[in-house]
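Close look at the chain arrangement
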Amino acid sequence: MATKLSQEELLAQFETLTLIELSEFVKAFEEKFDVTAAAAVAAAPAGPAAAAEVAEEQDEFDVILTGAGEKKIQVIKVVRELTSLGLKEAKDLVDGAPKPVLEKVAKEAAEKAAESLKAAGASVEVK
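Residues numbered from 1 in each chain as written. Predicted model: local features only at pLDDT ≥ 70, side-chain atom pairs only at ≥ 80, totals over all residues. Heavy atoms only, no water.

Stated formally: UniProt positions are given in the numbering used here, feature names are shortened, and annotations may be inferred rather than shown by experiment.
Looking at an unreviewed UniProt entry, one finds the chain named Large ribosomal subunit protein bL12 and attributed to Streptomyces rishiriensis. What UniProt states about the chain under its Function (unreviewed entry) heading is, verbatim, "Forms part of the ribosomal stalk which helps the ribosome interact with GTP-bound translation factors. Is thus essential for accurate translation." In its Sequence similarities (unreviewed entry) section, UniProt records this for the chain: "Belongs to the bacterial ribosomal protein bL12 family."

Structure (structure tokens):
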């Protein structure tokens, strides 16, 4: 009989997975249990004033790589550190710029990632 893993043990196992492996696991989980792992979407307030309010309170940011610069290898290394992607996936992301490196992260994490990428020679946009 299989041993039941605790939540901490499961999280420790997920930490070792790459983003692609984790994505494949989520798809398999959704199929096996007939569920969706999509986040719930809250109803957005109506009107231009409400839209301005939402823009001011933005707490999730995307870090978009707009160009690799002259030190492409250094940029690939930083992308791997930030995303846990494999070498090929990180190279493809850098070669395919402009592409998002991180999506929906906190402001501090986005700024730190942008600084790391800029220090490696990349051009970056935070939205």
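**Overview of the nonpolar core**
To be explicit about the condition: Among buried residues, the Ala, Val, Leu, Ile, Met, Phe, Trp, Tyr and Cys ones that are joined through side-chain atoms within 4.5 Å form a nonpolar core. Accessible area is worked out with a 1.4 Å probe on protein chains only. A residue is then buried under 20% of its type maximum, exposed over 50%, and partly exposed in between. Runs of H or I in DSSP of at least four residues are treated as helices and runs of E of at least two as strands, each being numbered from the N terminus. Residue contacts are counted whenever heavy atoms from the two residues lie within 4.5 Å of one another.
Counting 22 residues, the largest nonpolar core has Val63, Leu65, Val75, Val79, Val94 and Leu117 as its most contacted members. Elements with a contribution of two residues or more to this core: strand S1 (61-67), helix H4 (72-83), helix H5 (87-95), strand S2 (99-105) and helix H6 (107-119). If we ignore the near neighbours within four places in the chain, the residues touching leucine 117 are Val63, Val75, Val78, Val79, Leu82, Val101, Ala122 and Val124.

**Focus: the pattern of salt bridges**
Here is the rule: Salt bridge criterion: a side-chain nitrogen from Lys or Arg within 4 Å of a carboxyl oxygen from Asp or Glu.
Evaluated as defined, the whole model comprises four salt bridges. Between lysine 91 and aspartate 95 there is a salt bridge, with its nearest N and O atoms 2.7 Å apart. Of this pair, lysine 91 and aspartate 95 both sit in helix H5, four residues apart, which is roughly one turn of that helix. Classification of aspartate 95 as partly exposed rests on a relative accessible area of 39%. Linking glutamate 125 and lysine 127 is a salt bridge whose minimum nitrogen-to-oxygen distance equals 3.2 Å. What makes glutamate 125 partly exposed here is its relative accessible area of 33%. For lysine 127, a relative accessible area of 51% corresponds to the exposed category. Each of Lys72, Lys91 and Asp95 takes part in salt bridges that share partners, so that together they form one network.

**Brief notes about the pairing of S1**
Quick reminder of the rule: Each pair of strands is called paired provided DSSP finds at least two bridges between the two strands.
In terms of burial, S1 is largely enclosed, as five of its seven residues are buried. Note that S1 and S2 share four bridges and pair antiparallel. Residue pairing across strands places phenylalanine 61 opposite valine 105, the latter belonging to S2. Where S1 meets strand S3 (residues 123-126), four bridges bridge the pair, whose relative direction is antiparallel. Each residue of the ladder has a partner; that of leucine 65, found in S3, is valine 124.

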